[in-house]
Amino acid sequence: MAAFLMMFSPAVSVRADETAKFHITFLVASNEGNDFNLVNDDYRDQLLKLFSYTSYKQIDDVLKDLERSKREVIELPDGYQLMLTLQVVEKGRVQVQAMIRKGNQQYLDTVVSILRPGVVFLGGPPAQGGTLIIVLETGF
Amino acid sequence: MKNDPLEKKALESYREFLAAEVSRPEIEQQKRLFITKNFPSKPIWTRAAGVMVPAMAVFALFVLFQNGVISVPDFNKAQISDVKPVVSSADAPLVTAEAPSRIEVASPKKLKKIAVKVPPVMVKRATSQVGQPMVYQRKVNEKPITVVWVFTGAGIKS
């Protein structure tokens, strides 16, 4: 019976203009040693030129398919959370709200509009003896 | 001294005496000698040039006019080449200004197609409850990279 009903039920699909793929990389940067341990090595040059740290360690990287107006929560080490909400999807740009929280404290709440393909770096909160850096990529 | 007939007569007598003295032949000869010695006369050819040059110039002008080398324009007679032919109104071409049939105005759709340089990342909001957020952009390998950072002690390269 359920299979019969499913045959006639309309397929639930999400329109392309309401989703956007994001590649998120989580790093901990510090001045302890000179390790450069990145699986996602695409932004090595940028990290070296943008930040004054001597050591960069990748702790995680995820691929997320964000839906518009739907909040996505990603758990991070040291009790941090990254909340992503896709707000706007246009032909060449996406607008997303990114929030870094720990418990009740809001470390960073930002809304960025990214021209695809594009990347933005978020960071600053202390984590694992260093500083948390999040690389947000879309459109690749 | 008023005009006295006697005085007048005396003056006349004195003048007559002087004239007689000066007009004596030997005096005349001395006068001539003095003049020729102190004021020599011009040579004959200069005397001739002073007369001949102007005369020859006049003659030359006369010859040039006769041959038509020099001519005096007749100001009373208009030159045909100086006058442009008059175009009658009947022959003149008719010139009309055409009004444009349609003025091209960029429609909103066209305006959208115009290439506009937009930044790759626009940060519309950045707030924090624990520190000062900062938006930072720097060109790395000719590509602008945007960083949204909250300061809690860690630093970005300046």
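All figures in this text were calculated on a predicted structure; none of them were measured in a lab.

Focus on unusual backbone geometry
Residues and elements named next belong to chain A.
Move 1: The omega torsion across Arg116 and Pro117 is -5°, close enough to zero to call that bond cis.
Move 2: Mapped onto the elements of the fold, Pro117 is located in the loop between β7 (105–115) and β8 (118–127).
Move 3: Within the chain, Ser69 stands out as a residue other than glycine whose phi angle is a positive 65°.
Move 4: Within the element layout of this structure, Ser69 appears in the loop between β3 (55–67) and β4 (71–75).
Move 5: By relative accessible area, Ser69 is classed as exposed at 58%.
Move 6: Within the chain, Gln128 stands out as a residue other than glycine whose phi angle is a positive 50°.
Move 7: Tracing the backbone shows Gln128 in the loop between β8 and β9 (130–138).

Quick notes on the nonpolar core
Move 1: Core analysis: the biggest nonpolar cluster contains 30 residues, and A:Phe22, A:Ile24, A:Leu82, A:Leu84, A:Leu122 and A:Ile134 have the highest contact counts within it.
Move 2: For this core, the element with the most residues is strand β5 (residues 80–89) of chain A, which contributes five residues.
Move 3: Ranked by size, the runner-up nonpolar core spans 19 residues in total, among them A:Leu27, A:Leu50, A:Phe121 and B:Val140.

A few points about the environment of B:Thr127
Move 1: Mapped onto the fold, B:Thr127 is located in strand β1 (residues 121–127).
Move 2: Each C-alpha atom of the pair B:Thr127 and B:Trp149 lies 9.9 Å from the other, and the pair is 22 residues apart in sequence.

Things to note about the sheet that holds β5(A)
Move 1: Reading across the sheet, the five strands line up as β4(A)-β5(A)-β6(A)-β7(A)-β1(B) and stay open at both edges, with antiparallel pairing between neighbours. Each having just a single partner strand, β4 of chain A together with β1 of chain B make up the two edges of the open sheet. Here the strands of the sheet are splayed against their neighbours by 20° on average, with no regard to which way each runs.

Digging into the interface of chain A and chain B
Move 1: If you look at the interface, chain A gives 33 residues, while chain B gives 29 residues.
Move 2: Applying the counting rule to chain A against chain B returns one salt bridge.
Move 3: B:Arg125 is paired through a salt bridge with A:Asp109; the nearest N and O atoms lie 3.2 Å apart.
Move 4: At the junction of chain A and chain B, the tally comes to 15 residue pairs in polar contact (both at pLDDT 80 or more).
Move 5: Considering each element in turn, the side of chain A that touches chain B owes the most residues, 11 residues, to β7(A).
Move 6: By residue class, the composition of the side of chain A that touches chain B is 17 nonpolar, 12 polar and four charged.
Move 7: Two strands pair when backbone bridges link them, and β8(A) and strand β3 (residues 143–151) of chain B are joined in this way by four bridges, in the parallel orientation. Looking at β3(B), one finds that A:Gly123 is bridged to B:Trp149.

Side note on the environment of A:Leu84
Residues and elements named next belong to chain A.
Move 1: Along the chain, Leu84 falls in strand β5.
Move 2: Note on Leu84: relative accessible area 0%, which makes it buried.
Move 3: When the C-alpha positions of Leu84 and Met99 are compared, they lie 6.6 Å apart, and in sequence the two are 15 residues distant.

Let's talk about the confidence of the model for chain B
All names here are of chain B.
Move 1: Chain-level pLDDT for chain B is 74 on average; 61% of the residues reach the 70-or-more range.
Move 2: Ranking the elements of chain B by mean pLDDT puts helix α4 (residues 108–113) last, at 54, and β1 first, at 93.
Move 3: Overall fold confidence (pTM) sits at 0.56, and the ipTM for the predicted complex is 0.85.

Focus: the pattern of salt bridges
Residue and element names in this part refer to chain B.
Move 1: Overall, the coordinates contain seven salt bridges over all chains when judged by the stated rule.
Move 2: For Glu21, the salt bridge is made with Arg24, and the minimal N-O distance between the two is 3.2 Å.
Move 3: Here Arg24 makes a salt bridge to Glu26, at a shortest N to O gap of 3.7 Å.
Move 4: Given a relative accessible area of 40%, Glu26 falls into the partly exposed group.
Move 5: One salt-bridge network, held together by shared partners, links Glu21, Arg24 and Glu26.

Criteria and cut-off values
Numbering of residues begins from 1 in every chain and follows the order in which that chain's sequence is written. To read the labels, note that chains go from A and ligands from 1, taken in the order they are written. Owing to the predicted nature of the model, reporting of local features is limited to residues with pLDDT of at least 70; listing and counting of side-chain atom pairs is limited to 80 or more, with chain, interface and lining totals taken over all residues. As a rule here, side-chain values come from all non-hydrogen atoms in the structure, and water together with hydrogens is ignored. Numbering of helices and strands runs from the N terminus; a helix is a DSSP stretch of H or I covering at least four residues, while a strand is a stretch of E covering at least two. A simple rule labels every residue: compare its accessible area, found with a 1.4 Å probe on the protein chains alone, to the largest value its type can have, and call it buried under 20%, exposed over 50%, or partly exposed in between. Buried Ala, Val, Leu, Ile, Met, Phe, Trp, Tyr and Cys residues that are joined via side-chain atoms within 4.5 Å together make up what is termed a nonpolar core. For two strands to be treated as a pair, DSSP must find no fewer than two bridges joining them. Fitting a line to C-alpha atoms yields each axis, with helices limited to the stretch in contact; the angle taken between N-to-C directions then spans 0 to 180 degrees. Note on definitions: a residue-residue contact is assigned when non-hydrogen atoms from the two residues lie within 4.5 Å. Here, a salt bridge means any Lys or Arg side-chain nitrogen found within 4 Å of an Asp or Glu carboxyl oxygen. Residues adjacent in sequence count toward polar contacts only when both atoms are side-chain atoms; beyond that, a polar contact is any pair of N or O atoms within 3.5 Å, and within protein one must be able to donate a hydrogen and the other to accept it. By the convention adopted, Pro, Cys, Tyr, Trp, Phe, Met, Ile, Leu, Val and Ala count as nonpolar, Lys, Arg, Asp and Glu as charged, and the other residues, Gly among them, as polar. Per residue, pLDDT measures the predictor's confidence, with a range of 0 to 100.

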